[in-house]
Amino acid sequence: PESSRVFTLFHQFALKDIHYADVVHPILDGTLRGQSTKKHKVSFLGSINEKSERGAIFELIQANFFKRIMVDQSNTSQKEDARAQHTDNMEKFRDFMTQDFCTTIASVRLHENLQKLLSHAHREITERQFGKDEDENVALEEELRTSKPLLTLFVNGILLPIFKNLSKFGGTQVLLDAESQKIATDSNVAANVACVALFLERMMQNNNFADIGHKKGSTVTEKFLSGISKHVHPALLKFVKDQGDVVDDTDTRLTVDVYTSHYDASDHVVAVSTSDLMKLSEMLKENQNKLRLTENDQVEHLCSEQIGEWTQEEIERAEEHQKMHSFLMQTRFIFQDKKIVFCRNCKCPVPPRLSAGTGGGDAKDGGEVRAVQFYQAGDPTAPARVLERLFDTLKPLKAKNFTELKEEFSQLMKQYTSQNPPDYQKTHDLSEGRDKIEDLKAVEQKPEDVLSFMAKSLIERDKHRIYLEQVGGGEAGIKAARTQYVETLRRAIFQLQAGVKFSYDLKLPEKFSSEAQSHNVNLRFMEISGKILKRQIVNPHKMPPGCSFAPTKTLTYKELESKQVIKSVNDMFITMKGKLCFTFRFTPQGGVGVSVTYVDKARKTEHNIKQLEISKPILQELKRAKNADLIALPTDDSEKDAFMICHSKALSDLLDKIARN
């Protein structure tokens, strides 16, 4: 299994730190010891430590046992006593494996991520209907036999790596306490655990105990170890089968989480190191032909055209000088993309641009927002699908092959046409069914294939039914998230409005003021509040709703020219520049609106010439301007076509002065 990519991925994922609490701790928590009950679970390490404290020495190979108890090989009497001790300890080993080991492992409940992986694997294995192994020595029930690949994942991917690396998994490195670490580093405990690991390793190799049992003078026979295996192997198979016997609600939770995430306004940040990012982009580029979803694949474009390639030397330098990069995840993507589809490859709800297709098989579906996954029944004219629909409308049939089935359909057709009134629709369906039988025979399909297809379709429909029921149950969670979001938004609006009102005059509550005065303390807010009240023209608290008090200033062209704010106006307006007035008004969006008016005092008339807008980002740029810099207004026009040209720094200083006054 070590050469399998799937096995390697499962092993690395199962022993990640997020799974320590559910995978490693129940096995190696040394404080979980004593008598196992429903309320008190005993760990494997706690149990084997108790055996070790009572003098148990587990060794399958007799020579290793002699070394542990330091037997004098030249002393015949001592060797005979050691053989008797070895036999006695092997009896203890058998009792431990068939009782304590099986009990402690059975009490473990793997993380739900691993349970779902085992469930998916078991479902795929069952559908493929693998036959019995030729070298299978242990008589197993059929339902346990299909769990054998799961046992390989659990024992070789989880148990053996833990048992063979007690120094890492048995202490504080995996957030266990010092007592567990002390037990794991005990030489006798470690040797006993190594013996258990050796037994499990050979058991997973189809009970390969021959080289152990055939040692000259050994008291451990192959039959003895196989006898232990006959008890341990089925117990572990039942364990992994039970672990995989869960309802995989991943699709449901993905659907529900998409909607609940949009009611969460908090930031979600993912931190990744520089070297990991470089390795990830290289891995994606190496496999882009396999990963490409569409002709214009977004990831391929990002990796190939925007990121480029990394050399091994560059990656190694990044590992030496590691830096972390934080990515703000866009969890509320529907606000930007406006619609979602369920990708037919990953089954995840994503924006259409990141999907392998709309998932619906129909081009027009690409513009629809899909609230849930659709059930795809496949080609309705397929022979097996037609027969499936037909079987659903008929009484139980007696045919055992296609020839008998076709004959039975013919008899039913005569029956439906002879009844009063005749059922022509049913007759037509049966006729179509006969034609489909001929189609199946033409491609050498067997009745077993059709029945297998129907069974699989039934399972898929039932799976989708469960999915819809779970989504319906998740609706309550979505509503709860919405209620909480609305309440959070209401509080935020209230606090914002209160902050705005307080900013009008910065007047502190009476209790603050009185306490400050009684202690002869001059608060800064009180001082600033006094200045604001002295300069206040209109009481903002008494202004009607919807009104705002925006800084505004009107200046003539000559005034702006004398302040060296305006350099020139468009040639079309040169003759009237002496009568132009410019009104600068700050907007609620943080920008400045400029109204240009032609004022004819002799005729007492005013004409609006131009409306200009200086956005907030442009104002920020003006603050960084130098004396020689110029700006054209409107900003999206060239200097030739612009209404007027201004000195950037002088304009910025003028606007700052208007805002302050």
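Throughout, a residue's number is its position along its own chain's written sequence, starting from 1. Restriction of local features to residues with pLDDT of at least 70 applies here, the model being predicted, together with a cutoff of 80 or more for giving and counting side-chain atom pairs; totals for whole chains, interfaces and linings are based on all residues. Computation of side-chain values covers all heavy atoms of the structure but excludes hydrogens and water.

Novice: Give me the lowdown on the overall build of the protein chain, citing residues and values where you can.
Specialist: Helix and strand counts for the protein chain come out as 28 helices and 11 strands. Atoms considered for the radius of gyration are the C-alpha atoms alone. The globule rule reads 2.2 Å times the number of residues to the power 0.38. Relative to the 2.2 N^0.38 estimate, which gives 26 Å for 661 residues, the radius of gyration of the protein chain is 40 Å and therefore markedly larger than a compact globule would have. Structurally, the protein chain occupies a C-alpha span of about 125 × 90 × 55 Å along its principal axes. Type-normalised accessible area, obtained with a 1.4 Å probe on protein chains alone, sets the label of each residue: buried when under 20%, exposed when over 50%, and partly exposed for intermediate values. Looking at the protein chain as a whole, 36% of its 661 residues qualify as buried. Residues are treated as being in contact if the distance between any of their heavy atoms lies within 4.5 Å. Residue pairs at least 24 apart in sequence account for 63% of intrachain contacts in the protein chain once pairs closer than 6 positions are excluded. Computed by Shrake-Rupley with a 1.4 Å probe, the accessible areas treat only the displayed protein chains as cover when residues are assessed. Entry remark: accessible area of the protein chain is about 40,700 Å², with carbon and sulfur atoms responsible for 52%. The charged-residue count follows a simple rule in which Lys and Arg add positive charge and Asp and Glu add negative charge, with His and chain termini not counted at all. Charge placement uses NZ in Lys and CZ in Arg. For Asp and Glu, CG and CD serve respectively. Across the protein chain, 93 positive and 93 negative side-chain charges occur, with their mean positions spaced 7 Å apart. Only DSSP runs of H or I reaching four residues or more are called helices, and only runs of E reaching two or more are called strands; each is numbered from the N terminus.

Novice: Kindly report on the sheet that holds strand 6 (residues 566-569), identifying the contributing residues and their values.
Specialist: Strand order in the open sheet formed by 3 strands is 6-11-10, and the pairing between neighbours is antiparallel. The open sheet terminates on both sides in strands that have one partner only, identified here as strand 6 and strand 10 (630-633). With strand direction ignored, the average angle separating the axes of adjacent strands in the sheet is 20°. Across the sheet, helix 28 (residues 648-660) touches strand 10 and strand 11 (644-647), and the angle it forms with strand 11 is around 80°. By definition, two strands form a pair when at least two bridges between them are found by DSSP. Angles here are taken between N-to-C directions and fall from 0 to 180 degrees, while the axes themselves are lines fitted to C-alpha atoms, restricted in helices to the stretch in contact.

Novice: Quick one: what's the story with the pairing of strand 11, residue by residue and with numbers?
Specialist: The pairing of strand 6 with strand 11 spans 3 bridges and is antiparallel. What sits directly across from Ser 568, in strand 11, is Ile 645. One ladder, built from 4 bridges, connects strand 10 with strand 11; its direction is antiparallel. Considered in strand 11, the bridge of Leu 633 is made with Met 644.

Novice: Now, about the sheet that holds strand 9 (residues 605-614): what can you tell me, with residues and values included?
Specialist: In a beta sheet, neighbouring strands pair by backbone hydrogen bonds and run either parallel or antiparallel. Taken in spatial order, the 4 strands line up as 5-7-8-9 in an open sheet, and their pairing is antiparallel. The two strands at the open ends of the sheet, each matched to only one other strand, are strand 5 (552-556) and strand 9. Across the sheet, the mean angle from the axis of one strand to that of its neighbour is 20°, orientation sign disregarded. With 5 bridges connecting them, strand 5 and strand 7 (residues 580-586) associate as antiparallel partners. Each bridged residue has a counterpart across the sheet, and for Lys 553 the counterpart in strand 7 is Phe 584. Sitting on the sheet, helix 28 touches strand 5, strand 7, strand 8 (592-600) and strand 9, and the angle it makes with strand 7 is about 60°.

Novice: Describe unusual backbone geometry, listing the residues and the values that go with them.
Specialist: Cis rather than trans, the peptide bond between Asn 420 and Pro 421 has omega equal to -5°. As for its placement among the helices and strands, Pro 421 is situated in the loop between helix 21 (402-418) and helix 22 (424-442). The step from Leu 633 to Pro 634 runs through a cis peptide bond, and the omega angle for that step is 0°. In the Ramachandran plot, Asn 207 falls in the positive-phi region, its phi being about 55° despite a non-glycine side chain. Checked against the element boundaries, Asn 207 lands in the loop between helix 11 (187-203) and helix 12 (210-213). A relative accessible area of 11% places Asn 207 in the buried class. For Asn 520, which is not glycine, the phi dihedral falls at a positive 55°. Counting through the fold element by element, Asn 520 comes out in the loop between helix 24 (510-518) and helix 25 (524-535). Judged by its relative accessible area of 73%, Asn 520 is exposed.

Novice: How would you explain a positive patch on the surface if you had to name every residue and give the values?
Specialist: Without a salt bridge and with relative accessible area above 30%, a residue can belong to a patch; like charges are then joined within 9 Å and nonpolar side chains (Val, Leu, Ile, Met, Phe, Trp, Tyr) within 5 Å. Salt bridges are identified by distance alone: a Lys or Arg side-chain nitrogen within 4 Å of an Asp or Glu carboxyl oxygen. Taken together, the side chains of Lys 553, Lys 563, Lys 657 and Arg 660 make up a positively charged region of the molecular surface. Residue placement: Lys 657 occurs in helix 28. By relative accessible area, which is 47% here, Lys 657 ends up partly exposed.

Novice: Talk me through the packing of aromatic side chains; I want residue IDs and the actual numbers.
Specialist: Pairing of aromatic rings covers Phe, Tyr and Trp, the last through its six-membered ring, and needs centres within 6.5 Å; plane angles under 30 degrees mean stacked, over 60 mean edge-to-face, and all others mean tilted. Tallying each qualifying case throughout the model produces 12 aromatic pairs. One aromatic cluster in this structure is built from Phe 44, Phe 58, Phe 93, Phe 96, Phe 101, Phe 163, Phe 199 and Phe 209.

Novice: Please set out helix 21 residue by residue, giving values where relevant.
Specialist: Because the α-helix completes a turn every 3.6 residues, residues three or four places apart line up on one side. With 17 residues, helix 21 should cover 24 Å at 1.5 Å per step; its first-to-last C-alpha distance of 24 Å lies within 8% of that length. Within helix 21 the residues assigned to the buried category are Phe 402, Leu 405, Glu 408, Phe 409, Ser 410, Leu 412, Met 413 and Tyr 416. Those residues of helix 21 that are buried lie in contact with helix 20 (383-393), helix 22 and helix 23 (447-505). Here a polar contact is recorded for every N or O atom pair within 3.5 Å, except that within protein the pair must consist of a potential hydrogen donor and a potential acceptor, and residues adjacent in sequence are included only if both atoms are side-chain atoms. N-cap assignment for helix 21: the residue whose side-chain oxygen lies 3.2 Å from the backbone N of Thr 403 is Asn 401. In this scheme, a helix's expected span is set at 1.5 Å multiplied by one less than its residue total.

Novice: Kindly report on the pattern of salt bridges, identifying the contributing residues and their values.
Specialist: In total, this model carries 27 salt bridges according to the counting rule given. Its salt-bridge partner being Lys 164, residue Glu 201 comes within 3.0 Å of it at the nearest N-O pair. Residue Glu 201 is found in helix 11, and its partner Lys 164 is found in helix 8 (residues 148-164); the two are separated by 37 residues along the sequence. We note a salt bridge from Lys 531 to Glu 527, for which the minimum N-O separation is 3.9 Å. In this pair, Lys 531 and Glu 527 both sit in helix 25, 4 residues apart, roughly one turn of the helix.

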